[in-house]
Amino acid sequence: MADCLFCSIVAGDIPADIVLSNDHVIAFRDIAPQAPVHVLVIPREHHANIGELATNSPQATAQLLQAAQEVAAAEGIGDAYRLVFNTGADAGQSVFHVHGHVVGGRDMNWPPG
Ligand code: AMP
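Our subject in this report is the structure included herewith. What you see is a predicted model, and the numbers here were worked out from it, not measured in a lab. (Residues numbered from 1 in each chain as written. Predicted model: local features only at pLDDT ≥ 70, side-chain atom pairs only at ≥ 80, totals over all residues. Heavy atoms only, no water.)

Points about the site of the ligand
Part 1 of the reasoning: By nearness alone, 15 residues border the ligand, and Asp30, Asn86, Gly92, Ser94 and His101 come closest of all.
Part 2 of the reasoning: Contact distances for the ligand include 2.8 Å between an oxygen atom and a side-chain N or O atom of Asn86.
Part 3 of the reasoning: Between an oxygen atom of the ligand and a main-chain N or O atom of Ser94, the distance comes to 2.6 Å.
Part 4 of the reasoning: Look at the ligand: alone it shows 510 Å² of surface, and the protein chains cover 82% of it.
Part 5 of the reasoning: For the shell around the ligand, a count of residues per class yields seven nonpolar, six polar and two charged. (Near = heavy atom within 4 Å. Polar contact = N/O pair within 3.5 Å; in protein donor to acceptor, adjacent residues only side chain to side chain. Areas by Shrake-Rupley, 256 points an atom, 1.4 Å probe, with all protein chains shown as cover. Nonpolar A, V, L, I, M, F, W, Y, C, P; charged D, E, K, R; others polar.)

Take a look at the structure:
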């Protein structure tokens, strides 16, 4: 999609520190990490948010969640991590190409704020 930052990363037009890549998903390190491990997992196909993805493509949703677990395991946090999908600007979403934040490697607080 034109003017989508994460589509540009998928296309290879903008560099990223990619940690996983398959036919459906790529995962790359967040440019502003909030924890020792902070990786974004995204579908190659453009969908605005997790709700849209889940509605339009349950299979792609499952592939995304599987990839998140693979990333967490590969990063050594497979048994304790947070997977966050900010959905909507008021909830903190700033890039409108669905992405899960895989965050871990430190103690987490709840509620997240
Ligand atoms: P959200 O606020 O949930 O939409 O998350 C967007 C995330 O994308 C933020 O954590 C940003 O730090 C991250 N981000 C923005 N631009 C880049 C980039 N070029 N490479 C990697 N992460 C990015």
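Details of the packing of aromatic side chains
Part 1 of the reasoning: On inspection of all chains with the given rule, the structure shows one aromatic pair.
Part 2 of the reasoning: Seen from their ring centres, Phe6 and Phe28 are 5.3 Å apart, and the 80 degrees between their planes marks the pair as edge-to-face. Placement of the pair is Phe6 in helix H1 (residues 5-11) and Phe28 in strand E2 (residues 25-29), with a sequence separation of 22 residues. Residues Phe6 and Phe28 agree in their burial class; the two are buried. (Phe/Tyr/Trp six-rings, centres within 6.5 Å; stacked < 30°, edge-to-face > 60°. Helix = DSSP H or I, 4+ residues; strand = E, 2+ residues; numbered from the N terminus. Buried < 20%, exposed > 50% of the residue type's maximum accessible area, 1.4 Å probe, protein only.)

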